[in-house]
Amino acid sequence: MPAATAAGSEVRTVEGLAVDGEPSDVQRAMARCGTVQCGFCIPGMCMTVHDLLEGNHAPTELETRQALAGNLCRCSGYRGVLDAVRDVVAEREAGAAAAAPEAADEIRVPHQIPHPHDGGMA
Ligand code: FES
């Protein structure tokens, strides 16, 4: 976007994603999943993924692909980015469950038993 149209707006850059000087969970996942090759596209990918996960805590692969549209990567493809999003969602869910174990207990239905005909829970 032209810089003039951002006048008066809060501007966040990829450097602003770090927490206490450490890369964010998204940045770490992107590196871990092999998305960083030449690095040209990575700031935009990270900003897009952060924005996506702020509004949608568990995007489907299609939603992630739609969010990434327009972020072009000529090196690594997009599989690693999709894997990174999946990893971050799983990490955040695990962190939330660990932080509030009673909330995780609330969604359990302890009296259900596996039904013999469906191979799963009744
Ligand atoms: Fe090189 Fe994406 S890592 S363009």
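Structure first, text after, so check above.
In this text the structure is predicted, and so the values were computed from the model without any measurement.

1. Observations regarding the nonpolar core
- Counting residues in each nonpolar core, the largest one holds 19 residues, and the members touching the most others are Met-30, Met-45, Val-49 and Leu-53.
- Looking at this core, the elements with two or more residues in it are helix H1 (25-32), helix H2 (42-55) and helix H4 (79-99).
- Residue contributions to this core peak at six residues, all from H4.

2. As for H4
- Compared with the 30 Å implied by 1.5 Å per residue over 21 residues, the 30 Å span of H4 between its first and last C-alpha is a close match.
- For H4, the full list of buried residues reads Gly-80, Val-81, Leu-82, Asp-83, Ala-84, Val-85, Val-88 and Val-89.
- If you follow the buried residues of H4, they end up packed against H1, H2 and helix H3 (61-68).

3. Concerning H1
- Among the residues of H1, those classed as buried are Asp-25, Val-26, Gln-27, Ala-29 and Met-30.
- Tucked into the core, H1 has its buried residues touching H2 and H4.

4. Section: unusual backbone geometry
- Here Asp-20, not a glycine, exhibits a phi torsion of approximately 55 degrees, which is positive.
- In this fold, Asp-20 is placed in the segment before H1.
- A relative accessible area of 75% means that Asp-20 is categorised as exposed.

5. Overview of the packing of H1 against H4
- Between H1 and H4, the shortest axis-to-axis distance is 8 Å and the interhelical angle comes to 135 degrees. Taken together, H1 and H4 sit at an angle that is classed as oblique. Considering only the axes of H1 and H4, their crossing is right-handed. When H1 is examined against H4, the residues Asp-25, Val-26, Ala-29, Met-30 and Arg-32 are found in contact with a partner set consisting of Val-81, Ala-84, Asp-87, Val-88, Glu-91 and Arg-92.

6. With respect to the packing of H2 against H3
- Running from N to C, H2 and H3 cross one another at 130 degrees; their axes reach a closest spacing of 10 Å. Taken together, the axes of H2 and H3 lie oblique to each other. H3 is crossed by H2, and the crossing has right-handed handedness. Residues Met-45, Thr-48, Val-49 and Leu-52 of H2 lie in contact with H3, whose contacting residues are Glu-63, Thr-64, Ala-67 and Leu-68.
- Tallied by class, the residues present in the contact of H2 with H3 amount to five nonpolar, two polar and one charged.

7. Focus on the pattern of salt bridges
- Across all of its chains, the model carries nine salt bridges by this definition.
- For Glu-91, the salt bridge is made with Arg-32, and the minimal N-O distance between the two is 2.8 Å. Of the two residues, Glu-91 sits in helix H4 while Arg-32 sits in helix H1, which places them 59 residues apart along the sequence.
- For the salt bridge of Arg-86 with Asp-83, the shortest nitrogen-to-oxygen distance reads 3.3 Å. Of this pair, Arg-86 and Asp-83 both sit in helix H4, three residues apart, roughly one helical turn.

Calculation criteria
- Residues numbered from 1 in each chain as written.
- Predicted model: local features only at pLDDT ≥ 70, side-chain atom pairs only at ≥ 80, totals over all residues.
- Heavy atoms only, no water.
- Core = buried A, V, L, I, M, F, W, Y, C linked by side-chain atoms within 4.5 Å.
- Buried < 20%, exposed > 50% of the residue type's maximum accessible area, 1.4 Å probe, protein only.
- Helix = DSSP H or I, 4+ residues; strand = E, 2+ residues; numbered from the N terminus.
- Expected span 1.5 Å × (residues − 1).
- Contact = heavy atoms within 4.5 Å.
- Axes fitted to C-alpha atoms, helices over the stretch in contact; angles between N-to-C directions.
- Parallel < 35°, antiparallel > 145°, perpendicular 65-115°, else oblique.
- Left-handed = near helix turned anticlockwise from the far one by under 90°.
- Nonpolar A, V, L, I, M, F, W, Y, C, P; charged D, E, K, R; others polar.
- Salt bridge = Lys/Arg side-chain N within 4 Å of Asp/Glu carboxyl O.

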